Structure formats: structure tokens, C-alpha cells
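Examining the three-dimensional arrangement
What follows is each chain in one-letter form.
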Amino acid sequence: MRIFLIEFQEILLIALRAMRANKLRSVLTTLGIIIGIVSVTTMSTAIVGLREAFISSISSFGSDVLYVDKFPWFAMGDWSRYRNRKDITYEQYEKLRSVLKNYEAMAPSKSTFGAGVKRKDKSVQATLVFGTTEDYQKTGNVNQAEGRFLSDLDVKAGRRVCIIGKDIADELFPTESPLNQYIKINNVPMQVIGVLEKQGSGMMGAFSMDGQVIMPLKTFETVISSRQQRLRIDIKIGDVTQLEDAKEEIISAMRVIRKVPVDKPDDFAINQQEALKDMYDKTIGIVAVAGIVITALSLFVGAIGIMNIMFVSVTERTREIGIRKAIGAKTWSILFQFLTEAAILCIMGGIIGLIISFPLSLVINQFLPTAMPLDIVFISLLISALVGVVSGFLPAWKASKLNPVDSLRYE
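All values reported here derive from a predicted model rather than from experimental measurement.

1. As for the confidence of the model for the chain
Detailed reading of predicted coordinates is not advised where the pLDDT is low. Model confidence for the chain is summarised by a mean pLDDT of 80, while 81% of its residues fall at 70 or above. Of all helices and strands in the chain, the one with the weakest mean pLDDT is helix 14 (residues 404–409) (61), whereas strand 5 (residues 161–164) scores best (95).

2. Focus on the nonpolar core
For soluble globular proteins, nonpolar side chains are generally found buried alongside one another. Ile-33, Ile-306, Ile-321 and Phe-338 are the most contacted members of the largest nonpolar core, which has 23 residues in total. Every element with two or more residues in this core is listed here: helix 2 (23–57), helix 10 (273–316), helix 12 (331–364) and helix 13 (374–400). In terms of residue count, the dominant contributor to this core is helix 12 (eight residues). Setting aside residues up to four positions removed in sequence, Ile-33 forms contacts with Leu-299, Gly-302, Ala-303, Ile-306, Cys-346, Gly-349, Gly-350, Ser-384 and Val-387.

3. Some remarks on the side chain of Lys-247
On the secondary structure map, Lys-247 appears in helix 9 (residues 243–257). On the accessibility criterion, Lys-247 (15% relative accessible area) is buried. Not counting chain neighbours up to four residues away, the residues in contact with Lys-247 comprise Leu-66, Ile-270 and Gln-272.

4. So, the packing of aromatic side chains
Under the criterion given, the structure shown has three aromatic pairs. On the numbers, 5.2 Å between centres and 55° between planes, the contact of Tyr-90 with Tyr-93 is tilted. With Tyr-90 and Tyr-93 both in helix 4 (residues 90–99) and three residues apart, this pair spans about one turn of that helix. Judged by relative accessible area, Tyr-90 falls into the partly exposed class, the value being 33%. Assessed through its relative accessible area of 5%, Tyr-93 is described here as buried. On the numbers, 5.3 Å between centres and 35° between planes, the contact of Phe-130 with Tyr-136 is tilted.

5. Here we look at the packing of helix 12 against helix 13
Closest axis-to-axis distance for the helix 12/helix 13 pair is 7 Å, and the angle between their directions is 145°. Considering the relative orientation of helix 12 and helix 13, their crossing is right-handed. Taken together, the residues that form the contact of helix 12 with helix 13 break down as 19 nonpolar, seven polar and no charged.

6. Describing the pairing of strand 7 (residues 188–196)
Looking along a regular strand, one sees the side chains alternate between the two faces of the sheet. Among the nine residues of strand 7, seven are classified as buried, and the element is accordingly described as predominantly covered. Both strand 4 (residues 144–147) and strand 7 contribute to a ladder of three bridges, which runs antiparallel. Paired with Gly-147 across the bridge in strand 7 is Gly-194. Alignment of strand 5 against strand 7, held across four bridges, turns out to be parallel. Its bridge partner being in strand 7, Ile-164 is matched across the sheet by Val-195. As paired elements, strand 6 (residues 182–185) and strand 7 share four bridges and run antiparallel to each other.

7. Focus on unusual backbone geometry
Notably, Lys-120 is not glycine yet its phi reads approximately 55°, a positive angle. Within the secondary structure, Lys-120 sits in the loop between strand 2 (105–119) and strand 3 (122–132). A positive phi angle, near 70°, is found at Asn-187, a position not held by glycine. Considering the arrangement of structural elements, one finds Asn-187 in the loop between strand 6 and strand 7. Accessibility expressed as a relative area gives 56% for Asn-187, which makes it exposed.

8. Section: a nonpolar patch on the surface
A contiguous nonpolar patch, built from Leu-24, Leu-28 and Leu-31 and spanning about 310 Å² of accessible area, is present on the exposed surface. Tracing the backbone through its elements, the reader meets Leu-28 in helix 2.

Cut-offs used in this document
- Residues numbered from 1 in each chain as written.
- Predicted model: local features only at pLDDT ≥ 70, side-chain atom pairs only at ≥ 80, totals over all residues.
- Heavy atoms only, no water.
- pLDDT = per-residue confidence, 0-100.
- Helix = DSSP H or I, 4+ residues; strand = E, 2+ residues; numbered from the N terminus.
- Core = buried A, V, L, I, M, F, W, Y, C linked by side-chain atoms within 4.5 Å.
- Buried < 20%, exposed > 50% of the residue type's maximum accessible area, 1.4 Å probe, protein only.
- Contact = heavy atoms within 4.5 Å.
- Phe/Tyr/Trp six-rings, centres within 6.5 Å; stacked < 30°, edge-to-face > 60°.
- Axes fitted to C-alpha atoms, helices over the stretch in contact; angles between N-to-C directions.
- Left-handed = near helix turned anticlockwise from the far one by under 90°.
- Nonpolar A, V, L, I, M, F, W, Y, C, P; charged D, E, K, R; others polar.
- Pairing = 2+ DSSP bridges.
- Patch = residues over 30% accessible without salt bridge, like charges linked within 9 Å, V, L, I, M, F, W, Y side chains within 5 Å.
- Areas by Shrake-Rupley, 256 points an atom, 1.4 Å probe, with all protein chains shown as cover.
- Salt bridge = Lys/Arg side-chain N within 4 Å of Asp/Glu carboxyl O.

Shown next as C-alpha cells:
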């Protein structure tokens, strides 16, 4: 073992000395690897960052919450068969609530994107407006930083009260508490009874969850033109292990409530968080495959460059190889020497690529969320070393098979 370590140290020193003797050539040789590693790390950090942001943004869609809706979130095939379905009604919600047994909370809700919110001379655009009931606090996984949530009396009386997001509170009430103050939503006066905790960006960073407004369902139907806003029923099961059983129970109950014939398919959909994750993973998987192809091309070009330079290096150092063999160097020692040289070149390229891609990911993070976990760093270096070994094998094999007598005669 000690002899092997000494041999390895000697091989490493020879490889480093050869690279130092040809600095410019070594740098130019690693360019393809650098470009490939920058590509793979930048793509990976963007994909990981986007997925983390996506998972964070759909956290409000609790993993134990089912959403009974007219449409599936990802409708496939003939859209007309979904479009022609009858809307889910408040009466159907009440019937479902009375017959369903295994659930923790149930809330009907309507929502719309965007609405003008004003206070005196200040105005802001709400990103989301919800009309719902007191149970939405559980089904929507929302908490107040100040004040209270909707009460049963607020909902039944259709009071003109609302809970606002942190961004709206900061914009309209920069120096005072918004509690019990009045704002106008679509020019209708509304009393603020609560402020939500800060939640950050929504799905894929498309909108801020801190720009939302929540109000009683009846109030929503008055304040917001709700003809085009369909009702959805959010049901928090409370136990993820009971999710499938609960789904079957809801399907059976809804078929009876909506009077769906036995030989007809469901005319409603039950959505859940996992569907969003699955669709995102499929979409991002296509992007990742395209990125891998582009990265593979860059690394292939880099590998060809490494192989070419290593063949040149073997030719230039034929006499050196002959001398080493003449004084007793083994075939494996020569092979390992050139493999080590190729691997070091590629690892150096990988390290430089990582040094470039880290600040690049910080720049990209200003526009899209990114993250660079340690496993991406290790995988990048492993890929670099693997490319070096593969691309350097043929030149190293050629070097190890040279005849020492012929090599010593080489001019």
C-alpha cells in the first residue's frame, strides 16, 4: 500500500508539472468543460430553486385538503365536456356538509384575480380576492398577524368586513394599524378586521400572496361581479392517511347530491395538492431533459478537446515515456499517469465552472428563484472527473502500450 501511495504521489507530481509547463494549452483545453459545468450547474440551481419556490407557494394548498370543483385543475381532452357541466352551488355545499362525516373543516369559496383597493388618496391592486366562510382559516391554512378572522356571524349576515394581506396593509397603512379602519374595494367601503401573516410569493413567483383579500362569501358576491366566478368546496380531512377514503366518500355523496346517473361519469372534479406537484414535475422534467442534452453536447465537445490534447501530449512525451519504462515503470503506472492528468484538467475545469456559476446563479435569483445545494456541487465535480477519465482513456492506453526501445529512439 505504501509503495502504491509513493507511486501515486510521483504520478500526480508529473501530471501537475506537465500541466504547468503548458499553462495556456491547459486553460484552453478546459474551456469546453467549464462551459458544460456552468450550463449544468446553472440549469440545476434554477430547477431546484423553482421547485422549492413552487412547493412553498402551494403550501397553502394543504396536503390533507381536497378541492371539489367544476373543472379538474389540469383538464385533458375535450374541454367542452367540462365546460358544459353544471356549476357547483351553495345548496350542494350545505348538503355535502350535512352528509359527510370524516372531515375537519369545510369551506365554500369564490375567488378572482385582481381588484382595486383604496384608502383616501392611496390605492393598490389586490392580487387575489376570496369570498368564503370562517372554516377557510383551516382549509386555506391562513393565520393573522393582527386582528381576527371571519366569524360565523360575519358570514351569515354578509357583513362588509375583510382580512387583508401584509403588502396591502403596509401600502395603505404605513404608519398606523389597519384594524377597524375602512378601505374601499371596487369603491365599496369595507372594514378591516384582520391582517394576514407574511406569506411571500405565490405559485412560481407569479403573484404575491401578501396582496390578497378575504371576505364573507355573500359580501364577495355583492362587491365582486360573481357571475363568472364559480364556487369551489374546500375540505380539510385532517389525516393524510384517510385522504383516499375521504375522496371516495365525497365522490359518492356528490354523485347523489348532483343526481348523476349510475352509468354516467362524474360531472365534477376533486383536486388536490399532489396533482400540482405531479404536473410541475412533468413540465420541469421536459425542461431538464432539454438542458441535459445541451449540457451533454458541451461536455462532449470538451471531452473531444481533452482527448485531442492528450494524444498530442502523448506524442510530445514519447521519449519521456520510453525513459520511464526503461527504468522500470509499469504499464499501469503510465496508464494511470495520463488518466490522472486528464482527470485533473477536467476537475480544474469543473471548479472554475462552479466559481463562475455561483455568482451567475445569484444574478438569476434576482429574476427567478435559484438554489445551489451541495449535492449539485459534488455531482458537477464527479461529472468533470468522469469526463476526464473517459476522454483520457484512449490516449493513456496508447501511452501505456508504447514500446520503450521505439520510444527512446523517437525524435
